[in-house]
Each structure stands twice: as C-alpha cells, then as structure tokens.
Amino acid sequence: MQLLPTTSPTPEALAVFAVELAQAVRPISRQWFRHPLEIESKADQSPVTIADREIEQALRQRIAERFPQHGILGEEFGLAHGEAEYVWSIDPIDGTRSFISGYPLWGTLLALLHHGAPVLGVIDVPVLNECWVGLRGLGTRLNGEPCHTGARDGLSDATLYATTPDIFDAAELAVFDALSRRVGMRRFGGDCYSYALLATGHVDLVMEAGLQPYDYLALAPVIEGAGGVITDWQGRALTLSSGSQVLAAANLELHRQALDVIRAVPRG
C-alpha cells in the first residue's frame, strides 16, 4: 500500500520535506532559547512563548504552500481542515518548560497522519543538532543513519523515563509507581528526547499521561520504525483520537510485561 497516490510525492520525499520543515525553524527557536522571554499561561496553565507561536506559524505557512489540500493540527493554533485525508501535526516546542528554564532537551515535533493514523514522524532537537525521522514500514534514521531500539526484554533490567511525576493524577501515579518499582532504574526529564533515546537503544520504557495528540503523534513512527512499540495504556495504537496516556517500549516483550503491570493495579 502506497502512502500517497503515484502522482503525489513518495514517502521518502515527504520525509525529506518534513526534515526540511523542522530544520527551517531551528533559527527561530535558537534565537529565543536562553534569552529573556515573556511567558504566558494558556487555559490549562501550561506556558507559551513567542517562540512557540512563531515556529508554528512558519511551519503552517510552509505546509500550506506545499500541500494546500492537507489539514494541519497545531498546539498553538488548533485544527484546520481536519477532515482531510492527510493531516500534519505540529508541536513547535515540545518541552516549553525546559525551553524557558534553559534546559536543552526540548524539540520540535512533526507528524503526517493518513486517515488519523501517524505514518511519518520527526523529532528535531535543535540545540544538539539531532533529528530523528521515522516512516511507517521504512524504518527510523537519526541524522540520516539507521537507528534501533535496545534488546533488553526484562523489566528488572529496564530503564524507565517520564518527563515528571507531575503529569500523573493520583490514580495514574499509582500505576506509574507500580511499574517503576519493577524496573532497574527510573529517571525523570527529557520530554520528547526520552522517546528519541528509546529509539536509539539508550532507554527501554517511557510512560506518560496528560498528553495531547500533538505531543505523541510524531513519536509513533519514530519508535515503531526503530523496532519499538508505542500505544496507550490499554495497548491500543495511537491515533488522532487517542487519549492522554502513552506507553513506549523497546520491544514487544517489554511492552507486554509493562502492560501486565498496568492491568494488575487495582482501580478505585
């Protein structure tokens, strides 16, 4: 099955375009990083800056010029033409709290969805000049070189990441605690970079909640293309209509064991 009709760009060409998009807005994010910024709070109390808005506006303009028939979902400016067969998802700065506090492990996330399912994903980390691109069925590359998830398949040897325990409500925190007690090591921080590290074999599990579609849609092709598994906490594939809970694992066996722990936690 082809990603697009034969008259449209190939999947590889779309991947090149997506990477060009991400790299085109690097100067905007770098311009504002570790510089004084006015920080606003959105309705959900999450922070937003001029950098978030300028990056998303620039990306929307470039996508609309190249693919006017495509829809666009962005964190800052919402959904346009969501009924389209192909929809781009944009998170201009994944990790705004890291960005405004001078921590370098934030990134720009881009995904292309076909009928609501992500088929192309980009994690671009401007400060480190690192860019992951994943294509469904065609693998994942880091700066042009193939990358793969790790082989550890036992929880007791695994490293588990979450951006912060604050993303979990009380019931979710109990689930995360149950899983983290079974692993070899747990760490916090990283935002999208934790998933990028999983795609390159350094991290084994990432478990998070409180996410929006633009937070995770780009991650799925990257993780899956590298040999990993990423779903919601019930083991369902991630789509435009998925909920806020995400579990990523380096391989099927590790994912299965993590799901078993999740399902065993008593629900109130």
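Residues numbered from 1 in each chain as written. Predicted model: local features only at pLDDT ≥ 70, side-chain atom pairs only at ≥ 80, totals over all residues. Heavy atoms only, no water.

Trainee: When you look at the pairing of strand 7 (residues 117-125) in this model, what are you seeing that I'm missing?
Mentor: Along any regular strand, the residues point their side chains to alternate faces of the sheet. Most of strand 7 is tucked away, with nine of its nine residues classed as buried. In terms of strand pairing, strand 6 (residues 107-114) meets strand 7 through seven bridges, oriented antiparallel. Its bridge partner lying in strand 7, Leu-110 is registered against Val-122. What sits between the antiparallel neighbours strand 6 and strand 7 is a turn of two residues, in which His-115 has the positive phi angle 50°. (Buried < 20%, exposed > 50% of the residue type's maximum accessible area, 1.4 Å probe, protein only. Helix = DSSP H or I, 4+ residues; strand = E, 2+ residues; numbered from the N terminus. Pairing = 2+ DSSP bridges.)

Trainee: Mind showing me how you'd approach the layout of surface pockets here?
Mentor: Rolled over the atoms, a probe as big as a water molecule pinpoints where empty space is left. The volume enclosed by the largest pocket comes to roughly 640 Å³. Lining the largest pocket are 30 residues, with Arg-97, Asp-191, Gly-210, Leu-211 and Asp-215 sitting closest to its centre. Contributing elements (two or more residues each) for the lining of the largest pocket: strand 5 (86-94), helix 4 (96-100), helix 6 (192-199) and helix 7 (213-216). Within the lining of the largest pocket, the residues separate by chemical class into eleven nonpolar, ten polar and nine charged. (1 Å grid on protein atoms, 1.4 Å probe; cavity = no way out; pocket = protein on both sides within 12 Å on 5 of 7 lines; lining within 4 Å. Points joined across faces, edges and corners; volume = space filled by probe spheres on them. Nonpolar A, V, L, I, M, F, W, Y, C, P; charged D, E, K, R; others polar.)

Trainee: Can you walk me through the sheet that holds strand 6 in this structure?
Mentor: The strands that make up a sheet pair up through hydrogen bonds in the backbone, lying either parallel or antiparallel. The strand order across the open sheet formed by eight strands is 4-3-5-6-7-8-9-10, and the pairing between neighbours is mixed. Here the strands that pair on one side only, and so sit at the sheet edges, are strand 4 (78-80) and strand 10 (145-146). The strands that helix 1 (residues 11-24) touches are strand 5, strand 6, strand 7 and strand 8 (130-135); relative to strand 7, the one it contacts most, it runs at about 35°. The strands touched by helix 6 within the sheet are strand 5, strand 6, strand 7 and strand 8, with strand 8 carrying the most contacts at an inclination of about 70°. (Contact = heavy atoms within 4.5 Å. Axes fitted to C-alpha atoms, helices over the stretch in contact; angles between N-to-C directions.)

Trainee: What is the right way to look at the packing of helix 1 against helix 3 (residues 50-66) in this model?
Mentor: Describing two packed helices takes the angle between their axes plus the distance from one axis to the other. Running from amino to carboxyl end, helix 1 crosses helix 3 at an angle of 150°, the nearest separation of the two axes being 10 Å. On the basis of their axis angle, the class for helix 1 and helix 3 is roughly antiparallel. Crossing of helix 1 over helix 3 shows right-handed handedness. Between helix 1 and helix 3, the contacting residues are Phe-17, Leu-21 and Ala-24 on the first element and Leu-59, Arg-62, Ile-63 and Arg-66 on the second. (Parallel < 35°, antiparallel > 145°, perpendicular 65-115°, else oblique. Left-handed = near helix turned anticlockwise from the far one by under 90°.)

Trainee: Even after reading the chapter, I still don't get the nonpolar core, so can you show me in this structure?
Mentor: Nonpolar side chains in soluble globular proteins tend to end up buried together. Ile-123, Trp-132, Tyr-195, Leu-219 and Ile-230 are the most contacted members of the largest nonpolar core, which has 31 residues in total. When contributions to this core are tallied by element, the ones reaching two or more residues are strand 6, strand 7, helix 6, helix 8 (219-225) and strand 15 (246-249). Among the elements that make up this core, the one with the highest residue count is helix 6 (seven residues). Those residues in contact with Leu-219 that sit more than four places away from it in its chain are Leu-109, Ile-123, Cys-192, Tyr-195 and Ile-230. Of all hydrophobic cores here, the second largest spans 30 residues; its members include Ile-72, Leu-120, Val-133 and Leu-135. (Core = buried A, V, L, I, M, F, W, Y, C linked by side-chain atoms within 4.5 Å.)

Trainee: Please clarify how the pairing of strand 8 should be interpreted in this entry.
Mentor: Burial runs high along strand 8: six of the six residues are buried. Strand direction decides the pairing type here: strand 7 and strand 8, joined by six bridges, are antiparallel. Along strand 8, the bridge assignment pairs Asp-124 with Cys-131. Linking strand 7 back to strand 8 in an antiparallel pair, the connection comprises four residues, with Asn-129 at a positive phi of about 55°.

Trainee: What is the right way to look at helix 5 (residues 170-180) in this model?
Mentor: Think of an α-helix as turning once every 3.6 residues; residues three or four places apart then point the same way. Every buried residue belonging to helix 5 is among Glu-172, Val-175, Phe-176, Leu-179 and Ser-180, and all of these are buried. One face of helix 5 carries all of its buried residues, which in axial projection span an arc of 130°. Exposed side of helix 5, more than 90 degrees from the buried face: Ala-170 and Ala-171 are the residues found there. Lining the buried residues of helix 5 we find strand 11 (159-162), strand 12 (185-188), strand 13 (205-208), strand 15 and helix 9 (252-264). For helix 5, the capping residue at the N-terminal end is Asp-169, with a side-chain oxygen 3.2 Å from the backbone nitrogen of Ala-171. (Arc of directions from axis to C-beta. Polar contact = N/O pair within 3.5 Å; in protein donor to acceptor, adjacent residues only side chain to side chain.)

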